[in-house]
Amino acid sequence: MSNALRVDHDGAVATLRLNRPELHNAFDAGLIASLTASLEALGADPAVRAVVLAGEGPSFSAGADLQWMRAMANASQEENRRDALELARLMRTLDELPKPTIARVHGAAFGGGVGLVACCDIAIAAEGARFGLTESRLGLLPAVISPYVITAIGPRQARRWFASGEHFDAATAQRIGLVHQVVAADALDAAVQAQLALLGKAGPVAAASAKVLVRDVLALGADRDALDGANAGLIAVLRASDEGREGLSAFLEKRAPRWAAH
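In this numbering scheme, every chain counts its residues from 1 along its sequence in written order. Only residues with pLDDT of 70 or above have their local features reported here, since the model is predicted, and side-chain atom pairs are shown and tallied only from 80 upward, although totals for entire chains, interfaces and linings are computed over all residues. Only heavy atoms go into the side-chain values, all of them from the structure, while hydrogens and water stay out.

Undergrad: Lay out helix α9 (residues 204–220) in plain terms, naming residues and giving numbers.
TA: For α9, built from 17 residues, the straight-helix expectation of 24 Å at 1.5 Å per residue is met to within 8% by its first-to-last C-alpha distance of 25 Å. In this description, contact between two residues means that some pair of their heavy atoms is separated by no more than 4.5 Å. A run of H or I in DSSP becomes a helix once it reaches four residues, and a run of E becomes a strand once it reaches two; helices and strands are each numbered from the N terminus. Buried-residue contacts for α9 involve α3 (77–95) and β4 (101–105). Multiplying 1.5 Å by the residue count of a helix minus one yields the expected span of that helix.

This is how it looks when you write it as structure tokens:
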């Protein structure tokens, strides 16, 4: 793993910290590879119940490193395609991670940084955070991150922000659905901890499966029979699982379930 990424563990919570503060945590091929590998490892770690994505220094992530982008401009079309597929793999790994994820957003979140926010299950921003899908200013488009951003903010908003490349503030990010909560900068860590506490009370399998349920509903929505079958199958598995039985027993016995964080 490169020094551009730090992984900290606190009990069942892992925090991934983008660690290129002098570049506002802009990412290049090395950071993309490190972040993907770390996410894959955390996703497979049964001791990890939640993952926080954060940035060191003044910003969350300013998107792609311009020096890296300049080098790629001189590469072949096929090399650029392979490079873009690595970024796509990162975004998909984060989006489908079998753990709840929280984006802790401060400072700048531009370009691919917005993609990282959109891929997280919960996004909390400081009041002073700034956002922008700025690729059009470079004659580009946020193509690789577009599925996740469009899912977060909807096609109508995406058409505006993709085309204009303009910056927007945290209040606007919350209004259009990119972030869930906006707090004062000095309350950001407390807000993240409050969400982690709520996740700690949820069944680990249930919390991790929430994104699967949402994805399946969206994918199968037009086929009601398939959707009913998939949802019935999911609830049957959860009810019969050790976690489901423990959750029901704990509720009936008026006690905390075994998994609940204390």
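Past the structure itself, the notes keep going.
Undergrad: Report on the sheet that holds strand β9 (residues 181–183), specifying residues and quantitative values.
TA: The strand order β1-β2-β3-β4-β6-β9 describes an open sheet built from six strands, whose pairing is mixed. Either end of the sheet is taken by a strand with one partner, and the two such strands are β1 (5–10) and β9. For this sheet, the mean angle separating the axes of adjacent strands, direction not counted, is 20°. With six bridges connecting them, β1 and strand β2 (residues 13–18) associate as antiparallel partners. What sits directly across from Leu 5, in β2, is Leu 18. Pairs of strands are assigned from DSSP output, requiring at least two bridges between the strands. Structural elements are reduced to axes, namely lines fitted to C-alpha atoms, with helices fitted over the stretch in contact, and the angle between N-to-C directions of any two is expressed from 0 to 180 degrees.

Undergrad: I'd like to hear about the packing of helix α5 (residues 146–153) against helix α6 (residues 155–164), residue by residue, with values.
TA: It is the contact of α5 with α6, at a shortest axis distance of 7 Å, that shows an interaxial angle of 125°. Regarding the angle of α5 to α6, the classification is oblique. Of the two elements, α5 crosses α6, and the hand of that crossing is right-handed. Here Ser 146, Val 149, Ile 150 and Ile 153 of α5 come into contact with α6, specifically with Pro 155, Gln 157, Ala 158, Trp 161 and Phe 162. Looking at the contact of α5 with α6 residue by residue, the classes come out as seven nonpolar, two polar and no charged. Angle categories: roughly parallel below 35 degrees, roughly antiparallel above 145, roughly perpendicular from 65 to 115, and oblique for all the rest. By convention, the crossing between two helices is left-handed when the near helix turns anticlockwise from the far helix through less than a right angle, and right-handed when the turn is clockwise. Charged residues are taken to be Asp, Glu, Lys and Arg, nonpolar residues to be Ala, Val, Leu, Ile, Met, Phe, Trp, Tyr, Cys and Pro, and polar residues to be all remaining types, Gly included.

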